[in-house]
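Structure at a glance
Each chain, letter by letter, is given below.
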Amino acid sequence: MNSTRWKKPSLDDPIQFIKGVGPKKALLLQKLQLKAIEDLLYFLPFRYEDRSQLKTISNLIPDEFATFIAEVTSSGIIYMGRRKRVFEVIFQDETGTTRAKFFRFNETNMMKKFQTGEKLIVFGKPTVNKRNQLEIVHPDTERITDETTVPLEIGKIVPVYHTTEGLHQKSIRNILNNVLEKYLPLVEEVIPEDLLLRHKFLSRSEAFNQVHFPASEDHTAKDLAKFKTPAQKRLIFEELFLIQTGLAFKKKHAGEIQTGTAFKTRGDLIKHFINLLPFQLTKAQKRVLADIMEDLEKEKPMNRLIQGDVGCGKTIVALITLFTGVDNEKQTALMVPTEILAEQHYLNIRPYCDALGIELALVTGTLKGKEREAVYQDIESGKTRITIGTHSLVQKEIKFKNLGLAVVDEQHRFGVLQREALGKKGNNPHLLIMTATPIPRSLALTIYGDMDVSLLDEFPPGRQLITTQVFYEKQQDKAYELMESQIKLGRQAFVVCPLIEESELMDLKAAVTIFESIQERFPELSVCLIHGKLKKEERQKIMARFLKKEIKVLVSTTVIEVGIDIPNATVMIIEHAERFGLAQLHQLRGRVGRGKHASHCLLVSYFPISEEGKARMRAMQTSRDGFDIAEEDLKIRGPGDFMGTRQSGLPILKIANLIRDIKILDVARKEAFALIDRDPNLKNSENQLLKNAVQRLLGNHLSLMETI
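Below is a short write-up of the structure. Predicted, not measured: the structure shown is a model, and the values here were computed from it.

So, the environment of His219
Its place among the elements puts His219 in the loop between α6 (204-212) and α7 (221-225). A relative accessible area of 9% means that His219 is categorised as buried. For the pair His219 and Thr229, spaced 10 residues apart in sequence, the C-alpha separation works out to 7.5 Å. Dropping the residues within four chain positions of it, His219 is found in contact with Ile157, Gln210, Pro214, Leu224, Thr229 and Pro230.

So, in structure tokens, the structure goes:
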């Protein structure tokens, strides 16, 4: 008698024991991040092939996929050149002949498969060769043993999956077919019934079935390619609805779990500071400040995101917010991603703090010995009212006496845990997050759906036009001639490179090499090099000299990407621009055009350039609007790795696409927030499976759900 206990099937079962898998294929599937049954259910086809319509050979059209039945008239190895072996098959039907070529093959298997007189069903995309003949490279074929039987993959719309070496499409389809047969009855419905009925959604199990193996009489390959079928829409909605339900839950309960300190706003300190400013606040700045002040007046901790394009005045908004905390006898902190930016903020803010009698401190990783001890002690005693620093602020050694407000600049550079660690330095301090990298609305709703969002959409008066040009390798001299002409007019220039020193592994021009070549070419100019490896004092001296116009050309790595404000700089040359991300290019461009003179961003690109690289160059030339660029960046890169979204704690989307599915996202968000309003704790019996699914999908990002 077999003593092994029977185990009830579950969607958590490992895929190894599915019919058609086994240990070897399980290892291959793991390369595709497929470990359990549920992973396979969500492993959706990325495209579909329409094999439902049979054609004759004479009706084949170049570059159009087609299915036809033909007989093998000859097969064997031919040579293209001296060494290139190709397996060629000649197919014939009653209307004509065509050939197929295979470049990767096992000769024994191919000779057995393509025997003369064998009748096969063939699917592929014909192309025209150099001899003006139609041929098909690596077609799919199926043997016909009984003409009354229609084979599994012919006469249907066939799913096409991402694969890996050693794992073929037919194997994946067979595995998915076996999974659906055995496990589909175990798929539970997670969307509440009233919502299903209202939107006339298919059941979850039927949606999985139709997405993997769509019926050709109900759909076309074009509908499926657009992800517009009822089954696809239902699964897209479900994924977005689960995320939005989690965000709605978190937003609903965050204030109930945490209570902070209500601030009195518009105090004397703010009035004095605004009187010190040599300019008027923009309408957008006043509107965003009104949002912030309304938040600060509540005991519920502020949790607000400010989006604003490069140069729209976020720093002043942040400073007024920090001073409001000081006005309420609380310590405040500003966390930024780089030491150079921290130093720049410190130097810019210190004159105002000195004039207002506010103790200010700078905390970076370069603080050492007695100086560090003194700075830390002043923060812990409460003497320091505003602390500016990098991620060093979240170190255990730093203790605040009464941190009441924290501002995080360039939020996408920090992970969720770093932001939360800063928040734990005080008693649920108010949190203001800022980004100069505009985030498309769809992404903001998905990643920051639990936050309040304000938009700084107005530039201060006098902002100058920035002309963006692309110069390829052989045109590099023209870019530097333009830079020279601007310097002769009294202006200054940035030259940015991706690396500090030459690397044998990457063929990039390093900052050191560029610095030396510019010195050699323009010996009469004052040229300086700045990068993150320099000591803090040295960097500060260089930036001070550049600001005083003593340095004409500043060669740099990307440490100057954010926050550097040199009004007289009118030229930004970006070497190896094709290697930079679109958001980064836009940030670097924002370092010029900050004064009263027209400015230039010159993108020097080197071959080979990828299609994505070319798309980024085009986007930079055609738009200056950060939000347009952000949308284009999302299209080019996809949502998975857009501006650190992998750090957000939210799952990478498996089905939904934030560009294509924005309308479904809007509906899912509305339904999710309405549901949480009706059932704040998801305690109603009909919402239990939904709650479990949200926790399963979002994991620790919504850890507060476990406390309710």
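Anyway, onward from the coordinates.
Some details on the side chain of Arg491
Summarising the element assignment, Arg491 is placed in the loop between α16 (476-488) and β19 (492-496). Reaching out from Arg491, the side chain makes a polar contact with the backbone oxygen of Leu489 at a distance of 2.9 Å. Excluding residues that lie within four positions of it along the chain, Arg491 makes contacts with Gln486, Lys552, Asn568, Thr570 and His597.

Focus: the packing of aromatic side chains
Here the distance between the centres and the angle between the planes together describe a pair of aromatic rings. Counted under the stated rule, the structure contains 14 aromatic pairs. Both rings, one in Phe237 and one in Phe241, keep their centres 5.4 Å apart while their planes meet at 15°; by these two values the pair is stacked. Of this pair, Phe237 and Phe241 both sit in helix α8 (residues 230-257), 4 residues apart, which is roughly one turn of the helix. Sitting over the ring of Phe459, Arg624 keeps its end group 5.5 Å from the ring centre. We note Arg660 situated over the ring of Phe227; from NZ or CZ to the ring centre the distance is 4.2 Å.

Considering the sheet that holds strand β18 (residues 466-472)
Read across the open sheet, the 6 strands follow the order β18-β23-β22-β19-β21-β20; overall the sheet is parallel. Looking along the sheet, the strands with just one partner apiece sit at the ends: β18 and β20 (527-530). Mean inter-strand twist for the sheet, computed between neighbouring axes without regard to direction, equals 20°. Across 7 bridges, the pairing between β18 and strand β23 (residues 599-605) is parallel. The residue bridging Thr468 from the neighbouring strand is Cys601, located in β23.

The rules we used
- Residues numbered from 1 in each chain as written.
- Predicted model: local features only at pLDDT ≥ 70, side-chain atom pairs only at ≥ 80, totals over all residues.
- Heavy atoms only, no water.
- Helix = DSSP H or I, 4+ residues; strand = E, 2+ residues; numbered from the N terminus.
- Buried < 20%, exposed > 50% of the residue type's maximum accessible area, 1.4 Å probe, protein only.
- Contact = heavy atoms within 4.5 Å.
- Polar contact = N/O pair within 3.5 Å; in protein donor to acceptor, adjacent residues only side chain to side chain.
- Phe/Tyr/Trp six-rings, centres within 6.5 Å; stacked < 30°, edge-to-face > 60°.
- Lys NZ or Arg CZ within 6 Å of the ring centre and 35° of its normal.
- Pairing = 2+ DSSP bridges.
- Axes fitted to C-alpha atoms, helices over the stretch in contact; angles between N-to-C directions.

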